[in-house]
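A look at the structure
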Amino acid sequence: MSDPVSDTMILGNARLVLADAVVPGSVAVAGGTIAAIDGDRRPPPGALDLEGDLLLPGLVEIHTDNLEKHLTPRPGVVWPAFSAVLAHDAQVAAAGITTVLDALCIGAGPGRDWAGIAAAAIPGLAAAREAGHLRAEHLLHLRCEVTDPDLPALFEAHAGDPSVRLVSVMDHTPGQRQFTDLTKFRRYQEAFGASAAEVDAAIDQSRERQARHAARHRALLADACRARGIPVASHDDETPEHVAEAKALGFVISEFPTTAAAAAAAREHGMLTVLGAPNVVRGQSHSGNVSALELARAGLLDMLSSDYMPASLMQAVFRLSGDRVIALPAAVAMVSRTPARALGLDDRGEIAPGLRADLVQVRETDHGPVVRRVWRGGRRVL
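Quick summary incoming for the structure in this document. The residue numbering used here restarts from 1 in each chain and proceeds along that chain's sequence as written. Totals for whole chains, interfaces and linings use all residues, but because this is a predicted model, local features are given only for residues with pLDDT of at least 70 and pairs of side-chain atoms are given and counted only at 80 or more. Only hydrogens and water are removed before side-chain values are computed, so all heavy atoms of the structure are retained for them.

What to know about the overall build of the chain
In plain terms, the rule: Secondary structure follows DSSP: runs of H or I at least 4 residues long count as helices, runs of E at least 2 residues long count as strands, and numbering of each begins at the N terminus. Under the scheme applied here, a residue whose accessible area is under 20% of the maximum for its type counts as buried, over 50% as exposed, and between as partly exposed, the area being computed with a 1.4 Å probe on protein chains only. Two residues form a contact once any of their heavy atoms are found within 4.5 Å. For accessible areas, the Shrake-Rupley method is used with a probe of radius 1.4 Å. Any residue's cover is judged against the shown protein chains and nothing else.
Counting its regular elements, the chain contains 13 helices and 16 strands. Counting all 382 residues of the chain, 52% fall into the buried class. A fraction of 68% describes how many contacts in the chain between residues 6 or more apart in sequence connect residues 24 or more apart. Summed over its atoms, the accessible surface of the chain is roughly 15,300 Å², and 52% of this surface lies on carbon and sulfur atoms.

Quick word on the nonpolar core
To be explicit about the condition: The set of buried Ala, Val, Leu, Ile, Met, Phe, Trp, Tyr and Cys residues whose side-chain atoms join them within 4.5 Å is what this entry labels a nonpolar core.
Core analysis: the biggest nonpolar cluster contains 41 residues, and Leu71, Leu142, Cys144, Phe155, Val167, Leu221 and Phe251 have the highest contact counts within it. In terms of residue count, the dominant contributor to this core is helix H3 (residues 114–130) (7 residues). When neighbours within four sequence positions are excluded, leucine 71 is seen to be in contact with Val77, Val78, Trp79, Ala81, Ala84, Ile117 and Ala121. Counting 39 residues, the second-largest nonpolar core is a separate cluster that includes Val92, Ala136, Leu304 and Val371.

Some remarks on the pairing of strand S12 (residues 272–276)
Definition in use: For two strands to be treated as a pair, DSSP must find no fewer than two bridges joining them. When the strands point away from the viewer and the path from the first strand over the helix to the second turns clockwise, the crossover is right-handed.
Across the 5 residues that make up S12, a large majority, 4, are buried. Taken together, the 3 bridges between strand S11 (residues 253–255) and S12 define a ladder with parallel strand orientation. Counterpart to isoleucine 253 in the pairing with S12 is leucine 272. In this view, the connection linking S11 to its parallel neighbour S12 by way of helix H8 (residues 260–268) has right-handed handedness.

Quick word on unusual backbone geometry
At asparagine 13, a residue that is not glycine, the phi angle is positive and equals roughly 55°. Mapping asparagine 13 onto the fold places it in strand S1 (residues 8–17). What makes asparagine 13 partly exposed here is its relative accessible area of 26%. Phi angles above zero are rare outside glycine, and arginine 324 is one such case at about 60°. Tracing the backbone through its elements, the reader meets arginine 324 in the loop between helix H11 (312–322) and helix H12 (328–333).

Re the pattern of salt bridges
Applicable threshold: Salt bridge criterion: a side-chain nitrogen from Lys or Arg within 4 Å of a carboxyl oxygen from Asp or Glu.
Going through the model one piece at a time under the given rule, you end up with 18 salt bridges. Note that aspartate 53 and arginine 372 form a salt bridge whose closest N and O atoms lie 2.7 Å from each other. Of this pair, aspartate 53 sits in the loop between strand S4 (48–49) and strand S5 (54–57) while arginine 372 sits in strand S15 (residues 368–376); the two residues are 319 residues apart in sequence, bridging distant segments of the chain. Between arginine 348 and glutamate 137 there is a salt bridge, with its nearest N and O atoms 2.8 Å apart. Here arginine 348 is found in the loop between helix H13 (337–342) and strand S14 (359–365), whereas its partner glutamate 137 is found in strand S8 (residues 137–145), with 211 residues between them in sequence.

Brief notes about the sheet that holds strand S10 (residues 232–235)
We apply this condition: Every axis corresponds to a line fitted to the C-alpha atoms, with the helix fit spanning only the stretch in contact, and the corresponding angles, defined between N-to-C directions, vary from 0 to 180 degrees.
The 8 strands lie next to each other as S6-S7-S8-S9-S10-S11-S12-S13, forming an open sheet whose pairing is parallel. In this open sheet, the two edge strands, each paired with only one partner strand, are strand S6 (59–64) and strand S13 (303–305). Within the sheet, the average angular offset between the axes of one strand and its neighbour, ignoring direction, is 25°. Bridging between strand S7 (residues 97–106) and S8 involves 8 bridges; their strand directions are parallel. From the neighbouring strand, cysteine 105 faces S8, where its bridge partner is arginine 143.

Next comes the structure, spelled out in structure tokens:
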């Protein structure tokens, strides 16, 4: 699947995307880490010639639902977990992502059997990791639905897993946050085969469960994650009040704020914002929420997530820089250094001596960026 880690390797004739500039030069790798950066335009003897392509740090994906799509490719179809994991991993690596947080729902929300998907995905990931078959490093992002009465037990079943690096707190109750418009909620449910009567019942049940459980479970998760040192994100913040509530509980990320007002409040409270890269690529949210491009132009966007389309992460970087919304190094930081630091992964996310040699060779074309080679820890995985 991949080459062994080389004792030494030099990648030359590249345009290096550093923290604050794009410069010509080469990168020397030793023992899986970046040993040195040379600004000489001429590739040193023995270097692998990157033919003038860009060299980026490996992308860090903070939230993707892509694995769930491979586990349940059609309604009623459950795919073998090991096979699904490998297919997902290959897609992630081909997108230039070297660290990925697989986002798995803990607790029942709208749509599919989310708890069953997580119960299959986590052992599947562990088996593929232990067998040495994974190209990217896979960690976990637990998406916790606070309206589920069984959430405390479901969370405790997974919270001790050392691969858990992020928890997000979700409330998909119809009539607020992502589903302010009940028409959107109905369409979402119907896409998974629900009848009109079943949607009506789901709305009533969700509202009753929110009233009984949401506030208590939100506080419980805050305490549990604080004790474990796990960062917490609030999901689909709609109003400044949602953000203030999250900040008071110690949450550090506003994930997919649905309005500019919520994003501005997150900035005022010192919370990082993350929006979907597909939102950038398409120029709009698929669900009618705030435009990520609008937030980027306003200086209110800190990170990007590929969400449901792994390839969108790289595409969004070049959309932001190509449209002169922000410079290329700043756009790259949104998908590498900033999420790495937010997750406490201080050994990666930037092309700098001493950091892990997670690197991506990218060629710019008239049709967008093309990922040509990928290395994780000095090992070529694509």
